[in-house]
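A closer look at the structure
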Protein chains: 2
Amino acid sequence: MVADRLPISDRGLQFGDGVFETMLCLDGVPLRLDGHWARLQDGCTRLGIPVPAAARSHLLAAVGALGERRLVAKLVVTRGCTERGYKFPPDLVPNWVLTISKAPALPPELRAHGVAVRMCSTRLAREDAQLVGLKHLNRLTQILARREWNDEFHEGLLLDTDGNLAEGCGSNVFLVLGGRLVTPSMEHGGVHGIMRRSVLEAARALRLPVDARPVLPAELRAADEVFLTNAVQGVLPVRSIDTMIYAAAGPVTRRLSGHLNDLPVSTAPAGAIGNAP
Amino acid sequence: MVADRLPISDRGLQFGDGVFETMLCLDGVPLRLDGHWARLQDGCTRLGIPVPAAARSHLLAAVGALGERRLVAKLVVTRGCTERGYKFPPDLVPNWVLTISKAPALPPELRAHGVAVRMCSTRLAREDAQLVGLKHLNRLTQILARREWNDEFHEGLLLDTDGNLAEGCGSNVFLVLGGRLVTPSMEHGGVHGIMRRSVLEAARALRLPVDARPVLPAELRAADEVFLTNAVQGVLPVRSIDTMIYAAAGPVTRRLSGHLNDLPVSTAPAGAIGNAP
């Protein structure tokens with residue numbers, strides 16, 4: 001059923017009880033759909049939500065029918081509707097919401113010369129192990145972090161409540177440090193991004209040494225290159241973190257973004273163009 | 001506008017971006033409304049959501065018009081509707097959803113002899129300080145904890161990710177220990193309940209010594225009495241925590257629940273009877 005409203009008894013609204021995926025779609029095809037779907041399945045399984053298999057074909061059909069050059073598809077899956085209370089019956093039918101919008105424009109100079117980043121004061125929670133890595137619907141931390149700046153920065157980086165570097169508001173972070181690629185292991189919270197995984201696979205293919213481990217914020221100062229990853233913007237070099245300045249798009253960043261070269265720059269304006277739950 | 005659906009672009013659904021209150025209503029009047037409203041205002045202020053003042057008069061009118069003996073009113077306030085992304089404009093209009101249902105029946109023997117409680121393995125997150133104490137819409141931890149049992153327990157207790165005793169799934173917890181009333185200070189996460197505050201005020205009035213401090217789970221074993229508090233069920237003695245057995249409704253628990261004596265037992269069945277966003 002195509003609709004733009006959801007019952008108020010939906011547990012996504014009542015509790016943030018669900019997961020989501022945000023996918024870049026090029027020429028009518030969602031990129032890395034297998035990776036996104038695997039994470040969605042993993043999230044649903046860990047939360048005990050049946051995977052809404054029909055959503056995948058709806059997604060493919062909707063994106064294919066629109067056939068635009070660059071779109072973003074966001075799929076939200078919630079546990080479904082119940083009465084008041086955290087308890088839920090075993091046979092509950094999940095709800096899902098698919099929203100398709102034009103992909104945001106990214107000026108070419110940002111990809112070439114890097115983006116300005118802020119270090120946020122909002123801290124990423126140390127979560128229960130069952131939630132670590134999931135792209136779940138409990139996103140208040142990211143919203144609080146995002147309101148720390150307007151448009152003077154492209155992204156904000158978060159430390160976790162233990163003081164380690166964690167991730168960006170809507171991205172993962174990588175450092176090039178002493179010739180090695182380093183990324184926070186995020187054992188206690190954060191989203192294990194699909195593009196982060198692609199970068200780790202690309203690094204293996206390119207025989208770059210990689211460390212996924214706890215990263216201290218002071219290590220950012222020693223890094224030769226820093227870059228961000230997310231599914232919509234791909235690999236994005238960092239030009240500055242507050243007063244720290246980096247050489248724009250260093251050799252490792254360029255090698256990796258060249259290897260993951262399915263991210264042409266578009267100037268299409270952002271804006272919602274359709275909803276299909 | 002009275003409706004039972006909300007736009008899919010609502011940020012409560014997309015991100016859990018909002019707060020809620022659950023209030024017991026007796027004979028058409030919400031109990032402790034000033035306390036609930038103060039926490040709602042505090043939550044909205046801390047999250048940067050304008051307080052929807054009209055919701056309070058709607059709540060009073062709806063509960064008064066129904067005039068049932070025992071009702072539960074749940075008010076959800078979300079930041080409102082936006083396009084994709086964590087960013088939000090400064091002039092966003094919040095959405096609110098009021099749901100009124102019959103209060104769940106609590107058998108009199110549970111209030112007299114106490115409830116059986118489980119110690120959950122799901123851990124309460126160590127949150128950013130901006131979120132601590134709020135009844136916000138990011139409730140996945142409570143949902144994961146609640147699915148650890150069916151109906152063999154009345155409630156589950158959670159430790160936080162540091163290993164300290166935190167709270168119940170939908171309640172706060174108190175211990176009577178060496179003649180003192182002890183409750184977790186919850187400096188790093190959890191909900192600062194309205195009934196918890198009423199108990200702390202009642203203890204002061206009754207000149208009971210009180211400690212709000214970090215509590216080790218081992219201290220539960222040494223406690224003479226344990227009780228739970230929430231807005232709907234009031235003060236509820238604990239009979240057992242897994243294999244630990246307590247004397248039913250000890251003297252301190254009885255004194256406090258007597259002092260907070262606005263909680264008659266009802267046998268009305270649970271069930272949603274109205275929605276009014």
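**Considerations on the relation of the copies chain A and chain B**
- Mapping chain A onto chain B calls for a screw motion: a turn of 180° about the axis and a shift of 0.0 Å along it, with 0.0 Å RMSD after fitting. Interpreted geometrically, this transformation is the action of a two-fold axis. For chain A, the residue whose C-alpha comes nearest the rotation axis is leucine 13 of chain A, separated from it by 2.0 Å.
- Most of the interface of chain A is mirrored in chain B, where 100% of its interface residues again form contacts.

**Structural notes on the packing of helix α2 (residues 33-47) of chain B against helix α3 (residues 54-66) of chain B**
All names here are of chain B.
- The geometry of α2 relative to α3 is characterised by a closest axis approach of 12 Å and an angle of 150° between their N-to-C directions. Relative to α3, the element α2 is oriented roughly antiparallel. Remark: the crossing between α2 and α3 carries right-handed chirality. For the pair α2 and α3, the contacting residues are Leu33, Asp34 and Trp37 in the first and Ala55, Arg56, Leu59 and Leu60 in the second.
- Partitioning the contact of α2 with α3 into residue classes produces 5 nonpolar, no polar and 2 charged.

**With respect to the confidence of the model for chain A**
All names here are of chain A.
- In this model, chain A carries an average pLDDT of 91, and 93% of its residues clear a pLDDT of 70 or more.
- The low-confidence segment residues 263-277, where pLDDT is below 50, has 50 contacts with residues more than four positions distant or belonging to other chains.
- Overall fold confidence for the complex sits at a pTM of 0.92, while the interface term, ipTM, reaches 0.92.

**Examining the interface of chain A and chain B**
- Counting from both sides, the interface comprises 62 residues of chain A and, opposite them, 62 residues of chain B.
- Counting each side, the surface lost to burial between chain A and chain B is near 5300 Å², with a carbon and sulfur contribution of 59%.
- On the surface where chain A and chain B come into contact, there are 2 salt bridges.
- We note a salt bridge from lysine 87 of chain A to aspartate 151 of chain B, for which the minimum N-O separation is 2.7 Å.
- Here chain A is connected to chain B by 25 residue pairs in polar contact (both at pLDDT 80 or more).
- Contributions of two or more residues to the side of chain A that touches chain B are made by β1 (5-7), α1 (11-15), β2 (18-26), α2 (33-47), β4 (70-78), β5 (95-102), α5 (140-146) and β15 (271-275) of chain A.
- With 6 residues, α5 of chain A is the largest single contributor of residues to the side of chain A that touches chain B.
- Here the side of chain A that touches chain B is built from residues that sort into 23 nonpolar, 20 polar and 19 charged.
- Of the strand pairs in this sheet, β1 of chain A and strand β1 (residues 5-7) of chain B are connected by 3 bridges, and their pairing is antiparallel. Bridged to proline 7 of chain A within β1 of chain B is arginine 5 of chain B.

**Side note on the side chain of serine 171 of chain B**
- Relative to the helices and strands, serine 171 of chain B resides in the loop between β8 (165-168) and β9 (172-177).
- Side-chain polar atoms of serine 171 of chain B contact the side chain of glutamate 155 of chain B, separated by 2.7 Å.

**A few points about α2 of chain B**
- Relative to the 21 Å expected for 15 residues at 1.5 Å per residue, α2 of chain B spans 21 Å between its end C-alpha atoms, a close match to the ideal helical length.
- Of all the positions in α2 of chain B, only Leu33, Gly35, His36, Trp37, Arg39, Leu40, Gly43, Cys44 and Leu47 of chain B are classed as buried.
- Close packing links the buried residues of α2 of chain B with α5 of chain A together with β2 (18-26), β3 (29-30), α3, β4 (70-78) and α6 (194-205) of chain B.
- Among the residues trailing α2 of chain B, glycine 48 of chain B stands out with phi positive, at a value near 75°.

What counts, and at which threshold
- Residues numbered from 1 in each chain as written.
- Chains lettered and ligands numbered in written order.
- Predicted model: local features only at pLDDT ≥ 70, side-chain atom pairs only at ≥ 80, totals over all residues.
- Heavy atoms only, no water.
- Least-squares fit on C-alpha atoms with pLDDT ≥ 70 in both.
- Contact = heavy atoms within 4.5 Å.
- Axes fitted to C-alpha atoms, helices over the stretch in contact; angles between N-to-C directions.
- Helix = DSSP H or I, 4+ residues; strand = E, 2+ residues; numbered from the N terminus.
- Parallel < 35°, antiparallel > 145°, perpendicular 65-115°, else oblique.
- Left-handed = near helix turned anticlockwise from the far one by under 90°.
- Nonpolar A, V, L, I, M, F, W, Y, C, P; charged D, E, K, R; others polar.
- pLDDT = per-residue confidence, 0-100.
- Buried area = accessible area lost by both parts, 1.4 Å probe.
- Salt bridge = Lys/Arg side-chain N within 4 Å of Asp/Glu carboxyl O.
- Polar contact = N/O pair within 3.5 Å; in protein donor to acceptor, adjacent residues only side chain to side chain.
- Pairing = 2+ DSSP bridges.
- Expected span 1.5 Å × (residues − 1).
- Buried < 20%, exposed > 50% of the residue type's maximum accessible area, 1.4 Å probe, protein only.

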